[in-house]
Amino acid sequence: MTGHVLRRSGIPAPVERTRDFRGSALRLLKRLVPQRTLAISVVLLGMGGIAIGVIGPRILGHATDLLFNGVIGRELPAGLTKEQAVAAARARGDTAFADLLSGMNVVPGQGVDFAAVARTLALALGLYLLAAVLVWLQAQLLNITVQRTMVTLRAEVEDKLHRLPLSYFDSRQRGEVLSRVTNDIDNIQGSVSLTISQLLTSVLTVFAVLVMMLTISPLLALLTIVTVPLSLWVTRWITRRSQPLFVAQWRNTGRLAAHIEETYSGFTIVKTFGHREAAQRRFDELNDEVYRSSIGAQFFSGLVGPTTMFIGNLSYVAVAVVGGLQVASGQITLGSIQAFIQYVRQFNQPLSQVAGMYNTLQSGIASAERVFELLDADEQSPDPGPTLEISSGRVEFERVNFSYLPDTPVIDELSLVAEPGSTVAIVGPTGAGKTTCVNLLMRFYDVDSGRISIDGVDISTVSRQSVRASIGMVLQDTWLFGGTIYDNIAYGRPDASEPEVIAAAKAAHVDRFVHTLPDGYDTRVDDDGGAISAGEKQLITIARAVLARPKVLVLDEATSAVDTRTELLIQQAMAELRRDRTCFIIAHRLSTIRDADLILVMDAGRIIERGTHQELMSRHGRYWEMTQV
Amino acid sequence: MPHTDIPTDLDFHRPDTAAAGHDRQPAVCESSQMLWALLRQYVRPYRRLLAIVATLQVISTLASLYLPTVNAAIIDDGVAKGNTRRIVELGGVMLGVTGLQVACAIGAVFFGSRAAMGFGRDLRSAIFHHVTTFSAEETGRFGAPSLLTRTTNDVGQIQQLLQMTATILITAPIMSIGGILMALHQDAGLSWLLLVSVPVLALANFWIIAHLMPIFRRMQRVIDGINRVMRDQLSGIRVIRAFAREPVERSRFADANQALSNTALEAGRWQALMLPATTLVINVSSVALIWFGGLRIDAGQMQVGSLIAFLAYFMQILMAVLMATVLAVMFPRASVCAERISGVLSTRPQITSPADPVRPVSVAGEIVFDDAAFSYPGADRPVLQRVSLRVERGTTTAVVGSTGSGKSTLLAMICRFYDVTSGAVRIDGVDVRELDLEQLWSSIGLVPQRGYLFSGTIAENLRYGAAPGQDLTDEQLWEALRIAAADDFVAAHPDGLNRLVAQGGINFSGGQRQRLAIARAVIRRPAIYLFDDALSALDVHTDARVRAALREVSADATVLIVSQRISTVVEADQVVVIEGGRIVGMGTHESLLTYCRTYSEFAASQAITAGDPR
């Protein structure tokens, strides 16, 4: 009910897109700080592994050079020195060949120096092995770092949930909060861990490769680097064109999903009111819209691959041609070109990977933003220390005022006294403030003005925990956790002994139906239904409250979901329990209220009538009206 | 899927029979077969598009494959011979080939995305249209959230697979086969190296993935577990705080958190292996290539340029193998989705219109239950037994009973949400199973226990109730609202009839939703009104007002009203008392008070009805 009040006031839903990409990204990174030794090792290992791996092609290139030298050298006459061979070629007029020769390390007459080749290859092999080990270690450590960060994040979020005021939950749809603590965190884990490792590797690779390329040939390196801004520009152009299409696709998909959900959920209404065709027509419309917006979005995002490949190929062509020319004129060796070509591929691959990562990263950061929003939400006021000690259980409301939203008062100058051991029944129409009284008594919300006291002690001056420990509560909404029936009853007081639990179960008539179940008390209560009916669940929650042996008992319309026969039984049990306790009952059943020591008729936050059943009936006032059938 | 507050259909007390969406898990090959069957059927209209995509991909890939050959020619014909002009010529050729490659690749993306998105659209449509023919039993079996996931997410996964398949499935084999052919063309003598490296790479990847898959499945279960704990805590937040059980909940959560972390670490250990293993195989192969290639070069069997080209092809082949493994990973996931979708598509609705329906000209509204019984399939306890009841036309009958007694099921039998398992339900003497479903429904005005509204305006929601072909004026809408005692709050708002209704009607209180649902049912002036405890959200005065207004309008109509409220029941022409699925009392209020114990207990425990429990 309170949820309705807050939601209907029109509090806006949160935005889906990232509002502050950089800020959230930085904050996410900062969460890695506690793992800094691990994080630094990851970076160092990564650098090492990639650096070594990048030298590989160079060494292989050197091996190729040795081969080429051998091939060319074998053609030349033996006994000459290289310079003589070059001069001879120039004298012949074969300047191109002479240029080529001058750049090579040739021994005329000698074939391939296999010893040198073997040494080179062995070195390459060793380095590759080392690089593989380093990269593997790095990936492992990165995974550990990410996992530890996620564990901490999840624990923090869950902890935060227990410190948030109830108004936070009442003002939001449960699905939305749930989505933040489950889907959003899962999304962070998935997208961020993926992108961090890829981003790291890509950045390191690009730099290492760049360095190697510069050592081979500055000209060729320049040619390759030119393609970087080109790819980035093209990728940005594509992203900018595809962004609005993606937004449209996401929006249309959302609308389609909403229509589907509505139709499926309300399917009895859809069918019996003959609306199946209309629903199908609308579906087809929306489905088509999704189709149209998604082909555009898919096309543009699919362009990233081919275009980056194209640009990569362009530099391949440039390197092949210009490099070939350079080798022919003796400026660099053939093996260097081979290495360079490999580097070009290694250079372009990370770039296209990073481009593809962008959307995943966006989505991950958006989720991170939502989670941070939750972590930043205002907490409930801190809890002062002293524990509440109840002796008799006299509850008093003194001129209490309260409203959920600033301009709509729900409780207005409410004053009442419940003597110890008495039963107070509160009746009234919806919105009269009955459930709110319970919320205030349990300190789920705090009063705006006035005070509530138990045994003369203002409950806002003692710890919430002790207030709640002294008050037993049975709600209209049965909530049982996924454990056994026994565990659920014992939830009321974990240190209770088994006889006590069974006694509570008997008092709430749980014991009887438990014995008809095959597993008895060990039957698991499935949160979504299962073997136990709604009425039986209600009985278990009552047993739970009974076990807690509170001095003050609050029953919020608890018996309305139980069938009349069982309800009569509970009422008998409750009458027993009520003997030494102060009891507040918010209910609608005449039989429950008739026996109360005091009946309060509420309307619009005020008590308009009070007295016993006989007194109120004789008064022919509002209470009398309500009982007239 | 997060839990929503929208109620689903009539609230039946369902026993847990093979339900909760836990279908039996088919074998792996069965689900792949289902995937293939689905793909084959729905890809059919896009055959031509995909053929174009395939052709373009072939050209594009061949172009990519041709580049290293041209490069080899540059080295062998140009560099080695010092022929610079040749180098530049061949450079031009490379440029041309590159241009061709990108043009074809872009074309493939264009047509490929059309095909994949079209496939998705068609499959979604097929599922939706099929699900809307379901009867209550099928919908209940799957559950609305599961059906939603199957219609949206699962289709998306298969769509993604198709898109990747359109690119990779064509590219990868061409790359590998083409690469192999080109490599052999360069130098056949080194080809044995391919026979070693490619299987090693494929096997290494396969071995890692084979270990990863069960871990991923386990991780999904653990994630579901942790989400369940979270959902629990959110829905029970009041109880947790009331009993001060935060420490207990924290430790429950910490356990689940730790379990997730451990599984993720295990997955990470295997995933960390993939990249180093792959690059190592590739690099070691390169080293071997150069060694053995060198031997052949020295023996004059091979050119240096060829070796360089061979290296490039080698890379491409291994890359293609890697791509294929990626596909192999996507396949099982998509198979699971295919199996879920096939599960829906292969379900035939139990309750359909008969082939040759009886079409009465008009419906008077006499309802007869003739020894009707009903149990859920597979349940041993029947929900209704030996129910014999006659509701005369134009009368009001109240049905009372405790929760789970079978009251709502009675109404469901009339609407044919479920069919009786024995006996019959007749309207005007005709068995409901022989009537045309649409006609049956158009003569019934159903108001279920929880008012379900659709997103739109109030006017749209009301028009929803119109009989087929009925055109409604605003006056008629207001009239319906007046009867349902809903005109006060609708008029109070500035937008009036055009006021927006949020999804599920959550921007209205329970009582207001109920009244709008009543107005919706009233609008069509049906022959039979069915109220499933629909007035429970109203306070007693409004309840009486609505029923008085209804009596005026529905003088000739039959009203069947399930209620817990004695004030409603008292005024009915006939009261039926149901207990444990049987009728234990039938008659007027006064007579039942005398001879029916259940009824007198019910009357005694009655509510002070001042209020709206919701």
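Everything numeric here is computed off the predicted structure, so don't read it as measured data.

Here we come to the overall build of chain B. Summing up its helical and strand segments, chain B has 19 helices and 12 strands in all. Computed over C-alpha atoms, the radius of gyration of chain B comes to 35 Å, more than 25% over the 25 Å expected from 2.2 N^0.38 for 614 residues, which places it beyond the range of a compact globule. When each of the 614 residues of chain B is scored for burial, the buried share is 58%. Restricting to contacts in chain B with at least 6 residues of sequence separation, those with at least 24 account for 77%. Of the roughly 24600 Å² of accessible surface on chain B, 57% is carried by carbon and sulfur atoms. Here chain B carries 54 positive and 54 negative side-chain charges, and the mean point of each set is 6 Å from the other.

As a further point, take the side chain of threonine 436 of chain A. All names here are of chain A. As for its placement among the helices and strands, threonine 436 is situated in helix H13 (residues 434–441). Residue class for threonine 436 comes out buried when judged on its relative accessible area of 5%. If we skip the residues at most four places from it in the chain, threonine 436 touches Phe402, Tyr404, Val410 and Ile411.

Chain A puts 153 residues into the contact, and the matching count from chain B is 150 residues. Counting the surface lost from both chain A and chain B, the interface buries some 13900 Å², and carbon and sulfur atoms represent 66% of this. A salt bridge links arginine 250 of chain B to aspartate 159 of chain A; the shortest N-O distance between them is 2.5 Å. The interface formed by chain A and chain B includes 25 residue pairs in polar contact (both at pLDDT 80 or more). Each residue belonging to the side of chain A that touches chain B can be placed in one class, and the counts come to 81 nonpolar, 44 polar and 28 charged.

The next subject is the sheet that holds strand E3 (residues 396–400) of chain B. Residue and element names in this part refer to chain B. Judged by pairing direction, the sheet is mixed, and its 6 strands sit side by side in the order E6-E9-E10-E3-E11-E12 without closing on themselves. The open sheet is flanked by strand E6 (444–447) and strand E12 (582–587), the only strands paired with a single partner. Pairwise comparison of adjacent strand axes, ignoring direction, gives a mean angle of 15° for this sheet. Sitting on the sheet, helix H10 (residues 407–415) is in contact with E3, E6, strand E9 (528–532), strand E10 (558–562) and strand E11 (574–579), with an inclination near 150° to E9.

Here the focus is the sheet that holds strand E4 (residues 449–454) of chain A. Residue and element names in this part refer to chain A. Overall, antiparallel pairing links the 4 strands, which are arranged E2-E1-E4-E5 in an open sheet. A single partner strand is all that each edge strand has here, and the edge strands are strand E2 (408–418) and strand E5 (457–458). Bridge count for strand E1 (residues 395–405) against E4 is 5 bridges, and the pairing is antiparallel. Note on E4: the bridge partner recorded for asparagine 401 is serine 449. Seen against the sheet, H13 touches E1, E2 and E4 and runs at an angle of roughly 110° to E1.

Turning our eyes to something else, we now look at the nonpolar core. Counting 96 residues, the largest nonpolar core has Leu101, Met213, Phe340, Tyr343 and Phe347 of chain A together with Ile74 and Met94 of chain B as its most contacted members. Considering each element in turn, this core owes the most residues, 13 residues, to helix H9 (residues 304–345) of chain B. Beyond its immediate stretch of four places on either side in the chain, leucine 101 of chain A contacts Ile72, Leu76, Lys82, Ala85, Val86 and Val106 of chain A. Membership of the second largest hydrophobic core comes to 89 residues, among which are Leu178 and Met473 of chain A together with Met219 and Leu260 of chain B.

Let us look at helix H8 (residues 246–298) of chain B. Here H8 of chain B contains 53 residues, and its C-alpha end-to-end distance of 78 Å stays within 8% of the 78 Å for a straight helix at 1.5 Å per residue. The positive-phi residue at the C-terminal boundary of H8 of chain B is glycine 300 of chain B, with phi of around 75°.

Bringing the confidence of the model for chain B into the picture now. Residues and elements named next belong to chain B. Chain-level pLDDT for chain B is 81 on average; 93% of the residues reach the 70-or-more range. Across residues 609–614, confidence stays below pLDDT 50; counting only partners more than four residues off in sequence or on other chains, it has 26 contacts. In the model output, the complex is listed with pTM 0.71 alongside ipTM 0.79.

Structural remark: α-helix, 3.6 residues per turn; residues separated by three or four positions point the same way. An ideal rise of 1.5 Å per residue puts 70 Å on 48 residues; helix H9 (residues 218–265) of chain A measures up with 66 Å between its terminal C-alpha atoms. At serine 242 of chain A, H9 of chain A shows its largest kink, close to 30°, and the proline proline 244 of chain A lies no more than four residues downstream.

We note that arginine 399 of chain A has phi near 45°; this positive angle belongs to a residue other than glycine. With respect to the helices, strands and loops of the structure, arginine 399 of chain A is situated in strand E1.

The rules behind the values
- Residues numbered from 1 in each chain as written.
- Chains lettered and ligands numbered in written order.
- Predicted model: local features only at pLDDT ≥ 70, side-chain atom pairs only at ≥ 80, totals over all residues.
- Heavy atoms only, no water.
- Helix = DSSP H or I, 4+ residues; strand = E, 2+ residues; numbered from the N terminus.
- Rg over C-alpha atoms; globule rule 2.2 N^0.38 Å.
- Buried < 20%, exposed > 50% of the residue type's maximum accessible area, 1.4 Å probe, protein only.
- Contact = heavy atoms within 4.5 Å.
- Areas by Shrake-Rupley, 256 points an atom, 1.4 Å probe, with all protein chains shown as cover.
- Lys, Arg positive; Asp, Glu negative; His and termini not counted.
- Charge placed at Lys NZ, Arg CZ, Asp CG, Glu CD.
- Buried area = accessible area lost by both parts, 1.4 Å probe.
- Salt bridge = Lys/Arg side-chain N within 4 Å of Asp/Glu carboxyl O.
- Polar contact = N/O pair within 3.5 Å; in protein donor to acceptor, adjacent residues only side chain to side chain.
- Nonpolar A, V, L, I, M, F, W, Y, C, P; charged D, E, K, R; others polar.
- Pairing = 2+ DSSP bridges.
- Axes fitted to C-alpha atoms, helices over the stretch in contact; angles between N-to-C directions.
- Core = buried A, V, L, I, M, F, W, Y, C linked by side-chain atoms within 4.5 Å.
- Expected span 1.5 Å × (residues − 1).
- pLDDT = per-residue confidence, 0-100.
- Bend = angle between axes of the 7 residues up to and from the residue.

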